[in-house]
Number of protein chains: 2
Amino acid sequence: MSRPAAKAPVRLAREERVGHILSAARDVFCKKGYEQTAVSEIAARCGVVEGTVFKYFPTKRELLLKVLEHWYEEMFGDYARDLAEVAGTRERLRLLVWRHLRSIRDYPLLCRLMFREVRSEHDYHGSDLHGLNRRYTQLLVDTLDDGVQAGEIRHDIALPLLRDMVYGSIEHYTWNYICGRGALDIDATAGQITALLWDGISSRGADVQLQRETRRLVQIASRLEKALPKVQRAKS
Amino acid sequence: MSRPAAKAPVRLAREERVGHILSAARDVFCKKGYEQTAVSEIAARCGVVEGTVFKYFPTKRELLLKVLEHWYEEMFGDYARDLAEVAGTRERLRLLVWRHLRSIRDYPLLCRLMFREVRSEHDYHGSDLHGLNRRYTQLLVDTLDDGVQAGEIRHDIALPLLRDMVYGSIEHYTWNYICGRGALDIDATAGQITALLWDGISSRGADVQLQRETRRLVQIASRLEKALPKVQRAKS
DNA sequence: CAGGTTGGTGAGTCAGACTCACCCGTTTAG
DNA sequence: CTAAACGGGTGAGTCTGACTCACCAACCTG
């Protein structure tokens, strides 16, 4: 019997190894959550030893952040594009809500990591991920602002509050689904949320004018109503 | 010099010791967050040794849950009471929003623990704290339901969604304050959130009247239309 | 081929949650 | 009154998992 062969470690280029680690980390973090994941398990999936992971990522947490950054950038490719193709602020709002819901439906585990492990931690504020997220939510604010300029949304709405209401509502409502309980009908939900918010934020230009016109019509009708008997009397 | 005096551990009744530990734990958890808190530090604050804490609380996490349960029960004393004294669903909604905001303003650190460390963990669902929280949010749902019955809120609103929108909006909007950044004007915020939601969910009394008036106008117009030819014929 | 560069190793250290055998003051049964 | 049972408290452990570091070996370069 020969001596156990000295294992020859597989040498990869830096980026390639980093890519493998990120991919494995994404899988394991999703499967077990951040706390329950051992860096050694991620390493084992790549066929390397724990120390190798720490060679490329200074801490476990940094690794988590990079996993989510990659995911964000991967998602953002075609984000602003087809927004311009939709006409009307209400429909654009609905699209943004729907698309956020779709991300949650398609990647509940990554969303969970994002909402729970990352966004609430001290080091998130000011991080690259925070920047990415701001760019993401800014799209909504810009859309709403366009709606204000176009007269479709009332001028007295605090847009930052409205932005937080949109994303806060969605996250809170989908939390059960994100935790693996229950289903998520994104079409119905997007419709309901949009309807609820819109009827609160759409400028009531139509209503006001309608009221004015109606009042005028009522006056006219009343005058005619009063006049009619006289005319009829005159006839006779 | 005498031999170092054999330390005589202070013996307390079970409940008393538990109370001290809960109190110390609350302070340290608030100051440093859950992860950064060492059980040994909590023990030191009570003048006991680490093992003593584990005598009364099986795990660090269980200790956290009990801390928050105590806080919840402490807050709930007079919760449903003065709600009945407020007339009108809109004002009741505003009160509930305002009171939730007040809790956040007054106990941001405990809220942070609740939102971040507890509510998003697997063992929360079905826990005592979950039950307390459901009782708390149910108050809002009941209030809204009363509003529906009273005709103040549209019948086609999904109340669970609306409940999640209320609490989700508030949490998302106050997160910066909870993390120690920025201020929180609870009066203004409660007003804005209520206004935004209400104009989306209140049954449109104005519209209904508008419809009634329009229907009347149509009748008048029809009569006039029928009458007009006769009058014209008579005139000629 | 020598020397620098870089990917990879694995045996550590360290912190902190949790355990357990034991100690001793108090209470209670005989 | 005394001895056994009870229960609060101890502190020296164990164990897990993040993170470190001295070293190795395969490649590139002059």
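Just so you know, these numbers come straight off a predicted model, no measurement behind them.

1. A short note on the protein's contact with DNA strand C
Logical step 1: Around DNA strand C sit 21 residues in total, of which Val10(A), Arg17(A), Thr52(A), Lys55(A) and Lys60(B) are the nearest.
Logical step 2: Close to the protein, within 4 Å, the atoms of DNA strand C are drawn from sugar and phosphate at a rate of 61%.
Logical step 3: Between DNA strand C and the protein, one listed contact pairs a phosphate oxygen with a backbone N or O atom of Leu12(A) at 3.0 Å.
Logical step 4: Taken together, the elements giving at least two residues each to the surface near DNA strand C come down to α1 (14-32) and α3 (50-56) of chain A together with α3 (50-56) of chain B.
Logical step 5: Of the residues forming the surface near DNA strand C, the biggest block, four residues, is contributed by α3(A).
Logical step 6: For the surface near DNA strand C, a count of residues per class yields nine nonpolar, four polar and eight charged.

2. Quick look at the packing of aromatic side chains
Logical step 1: Applying the stated criterion to the full structure yields 14 aromatic pairs over all chains.
Logical step 2: Ring geometry for Tyr72(B) and Phe76(B): centres 5.3 Å apart, planes at 75°, overall edge-to-face. Linking Tyr72(B) with Phe76(B), this pair stays in helix α4 (residues 60-76), spanning four residues, or about one helical turn.
Logical step 3: Residue Tyr72(B) is classed as buried on the basis of its relative accessible area, which comes to 6%.
Logical step 4: Each ring, one from Phe76(B) and one from Tyr136(B), has its centre 5.5 Å from the other, and the planes form 15°; the classification is stacked. Taken as a pair, Phe76(B) in helix α4 and Tyr136(B) in helix α7 (residues 128-149) lie far apart in primary sequence, 60 residues in all.
Logical step 5: Clustering of aromatic rings is evident, with ring pairs tying together Trp71(A), Tyr72(A), Phe76(A), Tyr107(A), Tyr136(A) and Tyr167(A).
Logical step 6: The ring of Tyr34(A) carries Lys60(A) above its face, with NZ or CZ at 4.5 Å from the centroid.

3. Some thoughts on the environment of Glu50(A)
Residue and element names in this part refer to chain A.
Logical step 1: Take Glu50: it is sitting in helix α3.
Logical step 2: On the basis of relative accessibility, which here comes to 38%, the residue Glu50 falls in the partly exposed class.
Logical step 3: Note: C-alpha distance between Glu50 and Ser40 (10 residues apart in sequence) is 5.0 Å.
Logical step 4: Excluding anything up to four places from it in sequence, Glu50 contacts Val39, Ser40 and Ala43.

4. So, the environment of Val97(B)
Residue and element names in this part refer to chain B.
Logical step 1: Looking at where Val97 falls in the secondary structure, it is placed in helix α5 (residues 89-106).
Logical step 2: Exposure remark for Val97: the relative accessible area of 1% places this residue in the buried category.
Logical step 3: Put simply, Val97 and Leu140 are 43 residues apart on the chain and 9.0 Å apart in space, counted from C-alpha to C-alpha.
Logical step 4: When near neighbours in sequence (up to four residues on either side) are disregarded, Val97 contacts Val166, Ile170, Ala190, Ile193 and Thr194.

5. Examining the packing of helix α7 (residues 128-149) of chain A against helix α8 (residues 159-178) of chain A
Residue and element names in this part refer to chain A.
Logical step 1: Running from N to C, α7 and α8 point in directions that differ by 125°, and their axes come no closer than 10 Å. Taken together, α7 and α8 sit at an angle that is classed as oblique. Remark: the crossing between α7 and α8 carries right-handed chirality. Between α7 and α8, the contacting residues are Tyr136, Thr137, Leu140, Val141, Leu144, Asp145 and Val148 on the first element and Leu159, Leu162, Arg163, Val166 and Tyr167 on the second.
Logical step 2: Classifying every residue of the contact of α7 with α8 gives nine nonpolar, one polar and two charged.

6. Re the packing of helix α1 (residues 14-32) of chain B against helix α2 (residues 39-46) of chain B
Residue and element names in this part refer to chain B.
Logical step 1: Running from N to C, α1 and α2 point in directions that differ by 130°, and their axes come no closer than 9 Å. As the angle between them shows, α1 and α2 are arranged oblique. For the pair α1 and α2, the sense of crossing is right-handed. The residues of α2 that touch α1, namely those facing Arg17, His20, Ile21, Ala24, Ala25, Asp27, Val28, Phe29, Lys31 and Lys32, are Glu41, Ile42, Arg45 and Cys46.
Logical step 2: Each residue belonging to the contact of α1 with α2 can be placed in one class, and the counts come to seven nonpolar, one polar and six charged.

Cut-off values and rules
Residues numbered from 1 in each chain as written. Chains lettered and ligands numbered in written order. Predicted model: local features only at pLDDT ≥ 70, side-chain atom pairs only at ≥ 80, totals over all residues. Heavy atoms only, no water. Near = heavy atom within 4 Å. Polar contact = N/O pair within 3.5 Å; in protein donor to acceptor, adjacent residues only side chain to side chain. Helix = DSSP H or I, 4+ residues; strand = E, 2+ residues; numbered from the N terminus. Nonpolar A, V, L, I, M, F, W, Y, C, P; charged D, E, K, R; others polar. Phe/Tyr/Trp six-rings, centres within 6.5 Å; stacked < 30°, edge-to-face > 60°. Buried < 20%, exposed > 50% of the residue type's maximum accessible area, 1.4 Å probe, protein only. Lys NZ or Arg CZ within 6 Å of the ring centre and 35° of its normal. Contact = heavy atoms within 4.5 Å. Axes fitted to C-alpha atoms, helices over the stretch in contact; angles between N-to-C directions. Parallel < 35°, antiparallel > 145°, perpendicular 65-115°, else oblique. Left-handed = near helix turned anticlockwise from the far one by under 90°.

Geometric descriptors of this kind do not, in isolation, establish any biological role.
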